[in-house]
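So the chains spell out like this:
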Amino acid sequence: ADSGAKPSAEKPAVSEALKKVIEAARQEKGITFFLVSGTSINAQESARREKLPLWRILVRDGLISSQEMAALLALHLELTMVDLRNQNIEPQAVTLLSERIARKYSALAFQEVNGRLRVAMADPTDLQLLQDLAVRTGRAIEPIVATPEDILDHIDISYRIIENTAGASSSGER
């Protein structure tokens, strides 16, 4: 009896299997134990060797989908997760970060609520990124979890719309 009218900025719906993984992760205060031990060790070694976060290795190697990882991260950190396709992306929020910075950090500022800038990001645990974004925008940052693919797709869309709008509003200039 879902009318589809619910806002998507809520705790993500997850499968029973993923709920078990999340609960186990909360009990262990980590995520690596739920993998087969050999796979977990290999993923950890790859992450260390490649200087990448473990979650990126797990997704890249197909051990977990980016959607599952985002849901796990949001639930574990008790943060909101969004699907940007269902969000009102405010151009004035987007323009608080340059496109270059948005791409560099894979972070999309998409709404401003009560002086807090809602920023979709794949890794909300990156404290240096959060501080940098706060300094650059002059706003308190509310990290919102989204998949990397969703963020990059919406960076493309949002900055293209802003560019086209600015071009159309200028006096015939291209």
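Residues numbered from 1 in each chain as written. Predicted model: local features only at pLDDT ≥ 70, side-chain atom pairs only at ≥ 80, totals over all residues. Heavy atoms only, no water.

### Focus: the nonpolar core
Line of reasoning, step 1. Membership of the largest hydrophobic core comes to 35 residues, with the highest contact counts inside it found for L84, L108, V119, L133, I151 and Y159.
Line of reasoning, step 2. When neighbours within four sequence positions are excluded, L84 is seen to be in contact with I89, L108, F110, A120, D150, I151 and H154.
Line of reasoning, step 3. Core analysis: the next-biggest nonpolar cluster, separate from the first, contains 6 residues, A71, A74, L79 and M81 among them. (Core = buried A, V, L, I, M, F, W, Y, C linked by side-chain atoms within 4.5 Å. Buried < 20%, exposed > 50% of the residue type's maximum accessible area, 1.4 Å probe, protein only. Contact = heavy atoms within 4.5 Å.)

### A closer look at helix α7 (residues 127–137)
Line of reasoning, step 1. By the burial criterion, the buried members of α7 are L129, L130, D132, L133 and T137. Take α7 and look down its axis: the buried residues cluster within an arc of 165 degrees, on one side only. Facing away from the buried side of α7 by over 90 degrees, the exposed positions are L127, Q128, Q131 and V135.
Line of reasoning, step 2. Looking at the packing, one finds that the buried side of α7 touches α6 (99–105), β1 (107–113), β2 (116–121) and β3 (140–145). (Helix = DSSP H or I, 4+ residues; strand = E, 2+ residues; numbered from the N terminus. Arc of directions from axis to C-beta.)

### Let's talk about the pattern of salt bridges
Where charged atoms from two side chains of opposite charge come close, those side chains can pair.
Line of reasoning, step 1. All told, the structure shown has 8 salt bridges when counted by the stated rule.
Line of reasoning, step 2. E50 is paired through a salt bridge with R60; the nearest N and O atoms lie 2.5 Å apart. Taken as a pair, E50 in helix α2 (residues 37–50) and R60 in helix α3 (residues 54–60) lie far apart in primary sequence, 10 residues in all.
Line of reasoning, step 3. A residue is classified by how much of its surface remains accessible, and R60, at 46% relative accessible area, is partly exposed.
Line of reasoning, step 4. Each of the salt bridges in this network shares a partner with another, and the network as a whole consists of E50, R60 and D61. (Salt bridge = Lys/Arg side-chain N within 4 Å of Asp/Glu carboxyl O.)

### Examining empty space enclosed by the protein
Line of reasoning, step 1. Under the counting rule described, the total for this entry stands at 1 cavity of 30 Å³ or more.
Line of reasoning, step 2. In this structure, the largest cavity encloses a volume near 50 Å³.
Line of reasoning, step 3. Every residue lining the largest cavity is listed: W55, S66, M69, A70, L73, A122, A146, T147 and P148.
Line of reasoning, step 4. A breakdown of the residues in the lining of the largest cavity according to their chemical character gives 7 nonpolar, 2 polar and no charged. (1 Å grid on protein atoms, 1.4 Å probe; cavity = no way out; pocket = protein on both sides within 12 Å on 5 of 7 lines; lining within 4 Å. Points joined across faces, edges and corners; volume = space filled by probe spheres on them. Nonpolar A, V, L, I, M, F, W, Y, C, P; charged D, E, K, R; others polar.)

### Focus on the confidence of the model for the protein
Line of reasoning, step 1. Per-residue confidence for the protein averages 80 on the pLDDT scale, and 72% of its residues sit at or above 70.
Line of reasoning, step 2. A low-confidence stretch, residues 1–14 (pLDDT under 50), is modelled with 22 contacts involving residues beyond four sequence positions or located in other chains.
Line of reasoning, step 3. In the predicted structure, residues 28–37 sits below a pLDDT of 50 and forms 19 contacts with residues beyond four places in sequence or in another chain. (pLDDT = per-residue confidence, 0-100.)

### With respect to the environment of L58
Line of reasoning, step 1. If you trace the backbone, L58 turns up in helix α3.
Line of reasoning, step 2. L58 gets classed as buried once you look at its relative accessible area, which sits at 1%.
Line of reasoning, step 3. Taking the C-alpha atoms as reference points, L58 and A43, 15 residues apart in sequence, are found 6.6 Å from one another.

### What about helix α4 (residues 66–77)?
Line of reasoning, step 1. Taking 1.5 Å as the rise per residue, α4 with 12 residues should run 16 Å; its terminal C-alpha atoms sit 16 Å apart, in good agreement.
Line of reasoning, step 2. Within the sequence span of α4, burial applies to S66, M69, A70, A71, L72, L73, A74 and L75.
Line of reasoning, step 3. Taken from the residues just after α4, E78 is the one with a positive phi, measuring 55 degrees. (Expected span 1.5 Å × (residues − 1).)

### Quick word on the sheet that holds β2
Line of reasoning, step 1. Read from one edge of the open sheet, 3 strands run β1-β2-β3, paired in mixed fashion. Both outer strands of the open sheet, β1 and β3, are each paired with one neighbouring strand and no more. Neighbour-to-neighbour, the strand axes of this sheet turn through a mean angle of 30 degrees, independent of strand direction. (Pairing = 2+ DSSP bridges. Axes fitted to C-alpha atoms, helices over the stretch in contact; angles between N-to-C directions.)

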